[in-house]
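Single-letter residue listing:
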Amino acid sequence: EAGVAQSPRYKIIEKRQSVAFWCNPISGHATLYWYQQILGQGPKLLIQFQNNGVVDDSQLPKDRFSAERLKGVDSTLKIQPAKLEDSAVYLCASSSQHTDTQYFGPGTRLTVL
Amino acid sequence: AQSVAQPEDQVNVAEGNPLTVKCTYSVSGNPYLFWYVQYPNRGLQFLLKYITGDNLVKGSYGFEAEFNKSQTSFHLKKPSALVSDSALYFCAVRDLGGNTPLVFGKGTRLSVIA
């Protein structure tokens with residue numbers, strides 16, 4: 001079974017630029033999560049989708065971050081405009097409707113200069 | 001609100017010795033507890049979880065964890081550490097009864113020395 005796929009693996013941008021990350025969850029997993037992991041900290045949930053609907057986006061900075069999962073499969077997370085403090089690893093995870101165990105992708109390491 | 005504490009930033013252990021990585025939690029209801037491991041430049045890998053039942057949970061790679069309700073702890077253990085166990089370990093919790101997100105601790109770096 002293929003795992004969670006993410007791209008790109010690394011991205012370097014300057015502040016005020018925009019960036020987008022892509023995630024393809026494990027086949028059949030209805031729930032998809034985006035996390036932000038700042039160096040030295042644990043992952044923090046940004047947004048959770050159930051199929052193509054948002055379940056929880058309470059910690060998503062909506063003035064600059066957006067995410068979509070239009071067809072209920074893959075998802076895109078966008079930052080526009082980026083700030084220095086957005087430098088982090090962005091992790092995507094998915095889980096099936098039968099279990100709460102989340103399976104993580106390799107992450108995208110974002111550096112904002 | 002849910003929270004997780006991993007009191008040790010770093011744990012050092014000699015290869016072959018037992019290891020313990022500590023975790024305490026706080027939830028309003030019954031806890032749903034997880035341990036994940038993160039190797040350099042890789043995502044988190046699931047190790048084990050506790051929902052209900054036996055307080056001693058066995059997981060991947062010989063790891064186990066003991067749920068202690070009175071001490072609100074869920075410490076990760078392994079009887080004999082390997083150098084390849086060196087990684088970053090995260091404890092996570094959510095309230096079993098509510099639609100609440102998984103909350104992670106800040107992580108503990110385990111270093112197993114040959």
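Quick note: structure is the one above.
Here goes a summary of the coordinates provided. Computed from a predicted structure; not experimentally measured.

Rules used throughout
Residues numbered from 1 in each chain as written. Chains lettered and ligands numbered in written order. Predicted model: local features only at pLDDT ≥ 70, side-chain atom pairs only at ≥ 80, totals over all residues. Heavy atoms only, no water. Pairing = 2+ DSSP bridges. Helix = DSSP H or I, 4+ residues; strand = E, 2+ residues; numbered from the N terminus. Axes fitted to C-alpha atoms, helices over the stretch in contact; angles between N-to-C directions. Core = buried A, V, L, I, M, F, W, Y, C linked by side-chain atoms within 4.5 Å. Buried < 20%, exposed > 50% of the residue type's maximum accessible area, 1.4 Å probe, protein only. Contact = heavy atoms within 4.5 Å.

What about the sheet that holds strand β1 (residues 5–7) of chain A?
Residue and element names in this part refer to chain A.
Turning to step 1, where the next piece is worked out: Strand order in the open sheet formed by four strands is β1-β3-β8-β7, and the pairing between neighbours is antiparallel. Two strands in the sheet have a free side with no partner beyond their single neighbour: β1 and β7 (65–68). Pairwise comparison of adjacent strand axes, ignoring direction, gives a mean angle of 15° for this sheet.
Turning to step 2, where the next piece is worked out: Bridge count between β1 and strand β3 (residues 19–24): three bridges; the pairing is antiparallel. In the sheet register, S7 faces β3, and the bridge partner there is W22.

Section: the nonpolar core
Turning to step 1, where the next piece is worked out: Counting residues in hydrophobic clusters, the biggest one holds 28 residues, and the most contacted among them are W35, L47, L48, F74, L76 and Y89 of chain B.
Turning to step 2, where the next piece is worked out: Broken down by element, the residue count for this core peaks at four residues, all from strand β10 (residues 87–95) of chain B.
Turning to step 3, where the next piece is worked out: Among residues more than four places away in sequence, those in contact with F74 of chain B are C23, L33, F34, W35, L48, K49, Y50, A65, E66 and F67 of chain B.
Turning to step 4, where the next piece is worked out: The next biggest cluster of nonpolar side chains, apart from the first, holds 21 residues, and it includes C23, I26, L46 and I79 of chain A.

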